[in-house]
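# Chain and residue survey
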Amino acid sequence: MDIVTRPRILVVGAGFAGVECVRRLERRLTPDEAELTLVTPMSYQLYLPLLPQVASGVLTPQSIAISLRRSEKYRTRIIPGGAIGVDLRAKVCVIRTIAGEIVDEPYDYIVLAPGSVTRTFDIPGLTDHAFGLKSLAEAAYLRDHVISQLDLADACNDPAERASRLQFVVVGGGYAGTETAACLQRLTHAAVKRYPRLDPGLIKWHLIDIAPKLMPELGEKLGRSAQEILTRRGIEISLGVSIAKAGAEEVTFTDGRVVPTRTLIWTAGVVASPLIGTLDAETVRGRLAVNADMRLPGHDGVFALGDSAAVPDLAKGDDAVCPPTAQHALRQGRHVAENVIASLRGRQTRPYMHQDLGLVVDLGGKDAVSKPLGYELHGLPAQVVARGYHWSALRTGVAKTRVMTNWLLNAVAGDDFVRTGFQAHRPGNLRDFEYLDAYLTPEQVRAHVEEAGRAAR
């Protein structure tokens, strides 16, 4: 009896790009046409733009973790783990499962959407003492940590310790850093009313960035408006400044200032997943260099998109590449699925092109700045646009209901400022959450695949 082997399509990453790709492939391919596999350590898609609201308690963690298995029609096989290497010649992806087992997954077509990790620099003490905000675990941990600083400051009798616990430093003047500082400052401002022994004037938030402007992509007017809102709230903003050294109880700025603090939050940009470095392929500022149709030149059946790929931005031209935003990742995911299907069926692939729809920045409460379709908004209209955009982008009705309910409940009842005890006996810094030492080198990938091949024979 003849056995017909279905083409194997492997998608790496369950972010915006990866999930949109898988969903489109499921809808457009029959079960007989291809075997679909998704590699991800988590069985949910995380709506990253709303992480600051999870860290501040406005949203519950579950509300932005959208299950991949909720649909009854879901037929993609999920491998619970992370890709740590890809051998493009042997067409094998090396995966470390959540149980620690190393497995090899062969493929005919691979879609690389592993996303990004926090960009760090060689700053003494940074990875040991800074907190990141790229995962649900980090957001939950950070909320517990901030509230614990209020609890500890309220209980201690040492003025110096109390002052250090009530100062908070956020590095990164982009969207993530600005929203994180804004949302967490609102949390501490509201919470301190429940601590009669604490002087509200001791709570200080610092937002610093090496760039000369806050969120320059918003333009001069809106960027200045956001800065004025944060300054009015009492957040001290320092531009042209970064971190020279980080310690357990203080942080040294590059301008020489030493700030006593137990909380350093690092959101100074992202870089492509270290998985890209295992491919031994051409990159553009760390992102995999691909064609406009998101194919990797010289390698049949290899596609890359999202934060880890330098996809040409044809709407802008002049060698521009698409920025690592959710807006592009969503559309690239759907587009690359169509190109994979075209390749599978022997048709021509199409280049990706999308005109940016604008930017939204939620500063909490009634404060926001937005630039939809080039129109500049601030205040309540901007907040309506910002939350409306995020709400509509959530993939399922259940997620939309949970988020809307959380927003309404928080607006009416406020927060209870409860610590959950999440990882109470473990550190939760960048070194613990990013797993940057998990990836193989290109040489290690080839050696592993060759050894596995010999063992199989």
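Remember, it's a predicted structure, so these values are computed and weren't measured experimentally. (Residues numbered from 1 in each chain as written. Predicted model: local features only at pLDDT ≥ 70, side-chain atom pairs only at ≥ 80, totals over all residues. Heavy atoms only, no water.)

## A word on the side chain of Asp293
You can see Asp293 is positioned in the loop between strand E20 (287-289) and strand E21 (302-304). There is a polar contact of 2.7 Å between the side chain of Asp293 and the side chain of Arg295. Sequence-distant contacts of Asp293, defined by excluding residues within four places in its chain, comprise Phe303, Asn339, Thr349, Arg350, Pro351 and Tyr352. (Helix = DSSP H or I, 4+ residues; strand = E, 2+ residues; numbered from the N terminus. Polar contact = N/O pair within 3.5 Å; in protein donor to acceptor, adjacent residues only side chain to side chain. Contact = heavy atoms within 4.5 Å.)

## Side note on the pattern of salt bridges
Overall, the coordinates contain 21 salt bridges when judged by the stated rule. Across the pair Glu161 and Arg165 runs a salt bridge, and its minimum N-O distance is 2.9 Å. Within this pair, Glu161 and its partner Arg165 are both found in helix H5 (residues 159-165), separated by four residues, close to a single helical turn. One salt bridge in this structure joins Arg446 and Asp280, with 3.9 Å as the shortest N-O distance. Taken as a pair, Arg446 in helix H12 (residues 442-456) and Asp280 in the loop between strand E18 (270-272) and strand E19 (283-284) lie far apart in primary sequence, 166 residues in all. (Salt bridge = Lys/Arg side-chain N within 4 Å of Asp/Glu carboxyl O.)

## Focus: the nonpolar core
Proteins that are soluble and globular tend to have nonpolar side chains buried together. In terms of nonpolar packing, the biggest core is built from 109 residues, with Leu25, Ile64, Val86, Ile110 and Leu112 touching the most fellow members. If you tally residues by element for this core, the top one is helix H4 (residues 136-155), at eight residues. If we ignore the near neighbours within four places in the chain, the residues touching Leu112 are Val12, Val86, Leu275, Leu279, Leu288, Val302, Phe303, Ala304 and Leu305. Residues Ile123, Ala130, Ile243 and Val251 belong to the second largest nonpolar core, which totals 16 residues. (Core = buried A, V, L, I, M, F, W, Y, C linked by side-chain atoms within 4.5 Å. Buried < 20%, exposed > 50% of the residue type's maximum accessible area, 1.4 Å probe, protein only.)

## What to know about helix H8 (residues 326-344)
Here H8 spans 27 Å end to end across 19 residues, near enough to the 27 Å set by a 1.5 Å rise per residue. Burial analysis of H8 places 15 of its 19 residues in the buried class, which makes it a mostly covered element. Just beyond H8, the residue with positive phi is Gly346, at close to 75°. (Expected span 1.5 Å × (residues − 1).)

## Digging into the packing of aromatic side chains
Taken as a whole and assessed by the stated rule, the structure comprises four aromatic pairs. Pairing Phe16 with Tyr47 gives two aromatic rings, centres 5.4 Å apart and planes at 85°, and the pair type is edge-to-face. Of this pair, Phe16 sits in helix H1 (residues 16-28) while Tyr47 is found in the loop between strand E3 (44-46) and helix H2 (51-55), placing the two residues 31 residues apart along the sequence. Both residues of the pair, Phe16 and Tyr47, belong to the buried class. Taking the centre distance of 6.2 Å and the plane angle of 75° together, the rings of Phe121 and Trp266 count as edge-to-face. (Phe/Tyr/Trp six-rings, centres within 6.5 Å; stacked < 30°, edge-to-face > 60°.)

## Observations regarding the environment of Glu35
Structurally, Glu35 is set in strand E2 (residues 35-40). Sequence-distant contacts of Glu35, that is, excluding residues within four places in its chain, are made with Arg6, Pro7, Arg8, Ile9 and Arg77.

## Things to note about a nonpolar patch on the surface
Among the surface-exposed residues, Leu357, Leu373 and Tyr375 lie close enough to one another that they form a single nonpolar patch of about 350 Å² accessible area. Residue classification places Tyr375 among the exposed residues on the basis of a relative accessible area of 59%. (Patch = residues over 30% accessible without salt bridge, like charges linked within 9 Å, V, L, I, M, F, W, Y side chains within 5 Å. Areas by Shrake-Rupley, 256 points an atom, 1.4 Å probe, with all protein chains shown as cover.)

## Digging into the side chain of Asp87
Tracing the sequence through the fold places Asp87 in strand E5 (residues 77-87). Within the structure, Asp87 has its side chain in polar contact with the backbone nitrogen of Arg89 (distance 3.1 Å). Apart from residues no more than four positions distant in its own chain, Asp87 is found in contact with Val92, Tyr107, Val445, Arg446 and Val449.

## So, the pairing of strand E12 (residues 204-209)
Regular strands show a simple pattern: their side chains alternate between the two faces of the sheet. Buried residues dominate E12, accounting for five of its six residues. Sheet topology places strand E11 (residues 167-171) next to E12; five bridges connect them, and they run parallel. Paired with Phe168 across the bridge in E12 is Trp205. Where the polypeptide runs from E11 across helix H6 (residues 175-191) and back to E12, its parallel neighbour, the crossover connection is right-handed. Looking at chain direction, E12 and strand E13 (residues 235-239) are connected through five bridges and run parallel. In the sheet register, Leu207 faces E13, and the bridge partner there is Ile237. You can see the chain leave E12, run along helix H7 (residues 220-232) and come back into E13, and the turn it takes is right-handed. (Pairing = 2+ DSSP bridges. Right-handed = clockwise from strand over helix to strand, strands pointing away.)

## Brief notes about the packing of H1 against H8
Helix-helix packing is described using two parameters, namely the angle between the two axes and the distance between the axes. In contact at an axis separation of 7 Å, H1 and H8 are set at 35° when each is read in the N-to-C sense. The hand of the H1/H8 crossing is right-handed. Note on element contacts: H8 touches H1 through Ala326, Ala329, Leu330, Gly333, Arg334, Val336, Ala337, Glu338, Val340 and Ile341, opposite Phe16, Ala17, Glu20, Cys21, Arg24, Leu25 and Arg28. (Axes fitted to C-alpha atoms, helices over the stretch in contact; angles between N-to-C directions. Left-handed = near helix turned anticlockwise from the far one by under 90°.)

Everything listed is a geometric property; what it means functionally is a separate question.
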